[in-house]
Each structure stands twice: as structure tokens, then as C-alpha cells.
Amino acid sequence: MAITKIHPIKSTLNLAIDYITKGEKTDNEILVSSFKCNPVTAHTSFLRTREANQTRGNVLARHLIQSFLPGETNAETAHEIGKKLCEQHLKNEYEYVLATHVDRGHIHNHIIFNNVNKVTGKCYQSNKRSYHQIRNISDELCRENKLSVIDPYYESYKRKYKTKGKSWYEFQQTKQGTSWKSKLQFDIDRMLKQAQNWEDFLKRISDLGYEIKYGKHIAFRHKDKQRFTRAKTIGEDYTEERLKQRLQESIQNQRPGIKQRVGKVIDIKNNEKIKSSKGYEFWANKHNLKTMADSVIAIRQLGINSKQELEEQIQKTADERLNVLDQIKNIETSMDKLSETMEQVETIRKYREHYKYHKANPNDESFAREYSAELKLYTVASKAIIETYDSVPKSKDILKELDQLQEKKNTLMKEYSKSNELFYELVQYKKNYDKYMDKEVER
């Protein structure tokens, strides 16, 4: 496995190239290659390309470092991997100098390439997307050369559970069970159960205050939020394709002749429109009579025969709902802890060889300086694991446990949705009863 880093060069370009091509570092410059330039005069070639394209800006070149685990590969293989990385990422459009260093306990490539594209004259765009391209190409080349690669179970974990870009605020809200993404998940689940088709689902979501954006991935933005959220970031069950499948399953499972939701009794005493319109008053009285009849029928179907029983059922449903919510929060807490463990295990796996080399070669100060961050991450992760486990757990087992918890959470979310819906229905029945009976008593 290779670790990649990239940073800009804004001055002393010639000194940077001289440093990476030193003979004592590159086996007397045998491990030095270049493209469309001579390593000795590469800095002048870079500048001529800039001048020819009238390039502005202070970035002269990019310095890419590709480091291999100690003892994992030899210098010749590392150099060939570096050349292929340049070919696939730079696509013969940028001048570059590649040097493989063998003066330390770990072999690593230094690649300095022009910031200006020799073909198009445009500047190189260094961002997350370009870095991930470098990362993916490097990993694939390591795989081809039978070097260690990324843990597939960790990658699966990232796709399922690791939400990108989660803010500290959102993380805290998720721990409290009030995350806005959790709310979006809950609203989507609820509307899927009620919708009759895809268009009806989108309308219901819109009615809840969400704006919908269509593209490669469907995204939602609540009226209280500034940014859209891709539904797929919630989980694999929320891609557009999966949402449509779930909707069809929900429609098929719906019982024929499902009852319509009972309406609301109109407050005739305090309604201004009724005072000014006899026609509306007549309609409102008729509406209230029908609504109250529907409410009584619905209450009877639930086995409730008095107002006291209705109030008791409301309290019971509220308690059940809170109990389910507590179970969901406990599962989320357990999943958060497992996610932390997965990250710690991955950190240990990534930097184990660095730590081993450092322990075997404590006097290699240059290695300790260059990889001080990695060594510190390894130490912190190891300490955290030892406090909880007798040995480092396997990522496969952690992922399996996360999947089991997620399945329990999904079941509880459905139960919570059902309980929540019943609770609000019962509350509405009580409101209808109170409003209607107050009107009757007044008469």
C-alpha cells in the first residue's frame, strides 16, 4: 500500500528539483526519470511553458510524494509504479521529474510536475477530486503489483455508514437523536408508506417543506437548511432506485380498502368566516357531523368505548413511542462506538509497518520527523483499542455487527413510525371530540 501527499511549489522550483534528484538519494541518479524536459534544466522548461501560455498565479509546480511501506517493495518496482502513476494521471500533458529515494528505511517517489498543462495551457486543478484520482490510481497500481491494498470491509463500511462532510454540530445532533439527516430519513420512510405512487411521494415530501433536486442522485433540502442533501448519503436504502423499489413494496403490502385519514372538526364558535357566511356555517356543521361520526367509528374499531379509555390509549401509545425512540438512540450510540473502533482499526492497519520500522530503527530521525503524524495516530488508536479489547478486532466482524444493528434500527424505525402515526391520530380524535362536545354543550 502506498501513501500519497501533494502540495504546491510557489518558489525555489530549481532547489526543489535539485533536492529530489540528488545522487545519494537516487542511487547515483539511476532512479530519476522525466517527461518533456531534462532533470537538470527542468525548472527552466516549466517556466517557458508558463510564459508561452501567459499563465498568471503564484503556483509554479506540484510536488507529489508516494511512499511505500517499509520492506514492501524494491526501488525498481517503486520507480515503475511512479512512472505509471504519472502516465495515467498526467496523461502526457504535463512536464515532470520523477525521483525514487532509497536513502531511508522506506522507499518513496518524489514527482514534481508543471502546474501548467503543456497541451491546453490551463493550470492544474488541485482539489479533492484530483487527489482521489491520484489515490485510486496509486491503489490500483499497488494491487497490480501485489502490494497491500485498502481493506475491503473498511471500504464497505465507508459506503454504508461513513457520511462525508458531517459537521461537529450534526454529529452532536445525531448522538441526541435530533440530526436533520435523521429527520429526513424519518420523513422519507413515513411518506413512502403513505404514497400511492412516485409522484405522490414527491408531492408529500414537498408538502413537508422539502425542495427536491434531480440529477445523477436525487437530493432534498428542507426550507430551514441552506444546502441540498443527497438521499444516498443517508444509506444504501435511500438511493433513488432503492426508494422506488421500497415504494412499490409498500404499495403491494397495503391492504385493499385502507381507511382514509379522519379530518378535523372546525371550531365554529371562534371561526370568523362562519360569522359572516351562513352558507359556510351550514357546510361546517355538516362537515363536523360527518367528521365526528368518522372519529367515533375509528375509535370503536380500536376497541375504545369512552373518553377515559381514549386518554389512556393516548398515554400508552406515547409511552410506547418514547420507549422505541430510546431503543433507537441506544442502537445509534452503539453504532457510533463501533464506527470509532472501525476507524481506529483502520488507522492501526495503515500505519502498523511505519510503527514497526520506527521501533526497530529509533535513531532514524528523518523518518520519525516525516511520519510523526502517522506514528502519533497509530499510538492514539492502539491505546484506545487496548482500553476496550484484548486484541485488535477484525474489520469484518465490526462491519457484521454494524449491519446487525442497522437492521434492528430499521425495524424499530418502522415501529416508531407506526406508533407515531397512531399517536397523532388518537390525539386528533380527542381534539375532535372536545371541540364537538363543547359546541353541543353550548347549544
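Counting starts from 1 at the beginning of each chain's written sequence and moves along it residue by residue. Two thresholds apply to this predicted model, a pLDDT of at least 70 for residue-level local features and 80 or more for giving and counting side-chain atom pairs, whereas whole-chain, interface and lining totals are computed over all residues. Processing note: side-chain calculations cover all non-hydrogen atoms of the structure and skip hydrogens and water entirely.

Each full turn of the α-helix corresponds to 3.6 residues, which orients residues three or four apart in the same direction. With a 1.4 Å probe rolled over the protein chains alone, any residue whose accessible area is under 20% of its type maximum counts as buried; one over 50% counts as exposed, and the rest are partly exposed. Secondary structure counts use DSSP, requiring at least four H or I residues in a row for a helix and at least two E residues in a row for a strand, with both numbered from the N terminus. Buried within helix α2 (residues 42-52) are the following residues: Ala 42, Ser 45, Phe 46, Thr 49 and Arg 50. Across the axial projection of α2, the buried residues extend over an arc of 140°, all falling on one side. α2 presents Arg 48, Glu 51 and Ala 52 as exposed residues on the side facing more than 90 degrees away from its buried surface. Buried-residue contacts for α2 involve α1 (13-20), β3 (61-68), β4 (96-101) and β5 (108-114). Each C-beta atom gives one direction from the helix axis, and the arc is the one those directions make. Contacts are assigned to residue pairs that have any heavy atoms within 4.5 Å of one another.

Bringing the packing of aromatic side chains into the picture now. In this analysis, rings of Phe, Tyr and Trp, with Trp reduced to its six-membered ring, are considered paired at centre separations within 6.5 Å, and the interplanar angle assigns stacked below 30 degrees, edge-to-face beyond 60, and tilted for intermediate values. Tallying each qualifying case throughout the model produces ten aromatic pairs. Where Tyr 355 meets Tyr 378, the ring centres are 4.5 Å apart and the plane angle is 25°; that geometry is what we call stacked. Pair noted here: Tyr 355 is in helix α12 (residues 307-360) and Tyr 378 is in helix α14 (residues 372-388), with a separation of 23 residues, a long-range link. Using a relative accessible area of 27% as the deciding quantity, one classes Tyr 355 as partly exposed. Taking 5.1 Å as the distance between ring centres and 35° as the angle between the ring planes, the aromatic pair formed by Phe 367 and Tyr 371 counts as tilted.

Pairing between strands requires that DSSP locate at least two bridges from one strand to the other. Pairing within the open sheet is antiparallel, and its three strands lie in the order β6-β7-β8. One side of each edge strand has no neighbouring strand; the edge strands of this open sheet are β6 (210-213) and β8 (229-230). Note on geometry: axes are C-alpha line fits, over the in-contact stretch for helices, and angles between N-to-C directions span 0 to 180 degrees. Docked against the sheet, helix α8 (residues 198-207) engages β6 and β7 (219-222), running at close to 135° with respect to β6.

A cluster of basic residues, Lys 213, Lys 216, Arg 230 and Lys 232, forms a positive patch on the protein surface. Along the polypeptide, Lys 216 turns up in the loop between β6 and β7. Distance thresholds for patches are 9 Å for like charges and 5 Å for nonpolar side chains (Val, Leu, Ile, Met, Phe, Trp, Tyr), applied to residues having over 30% relative accessible area and no salt bridge. All accessible-area figures derive from a Shrake-Rupley calculation using a 1.4 Å probe, and residue coverage is judged against the displayed protein chains alone. Put simply, a salt bridge is a Lys or Arg side-chain nitrogen that is within 4 Å of an Asp or Glu carboxyl oxygen. Counted as positive: Lys and Arg. Counted as negative: Asp and Glu. His and the chain ends are not counted at all. By convention, the charge on Lys lies at NZ, on Arg at CZ, on Asp at CG and on Glu at CD.

Attention now moves to the pairing of β7. Direction of pairing for β6 relative to β7: antiparallel, over a ladder of four bridges. Residue Ile 212 lies in a different strand from β7, and its bridge partner there is Phe 220. A loop of five residues connects β6 with β7, the two strands running antiparallel in sequence. Inspection of the sheet shows β7 paired to β8 by two bridges, in the antiparallel sense. Across the sheet, residue Ala 219 finds its bridge partner in β8, namely Arg 230. In this antiparallel pair of consecutive strands, β7 and β8, the connection spans six residues.

That's the geometry; what it means functionally is another story.
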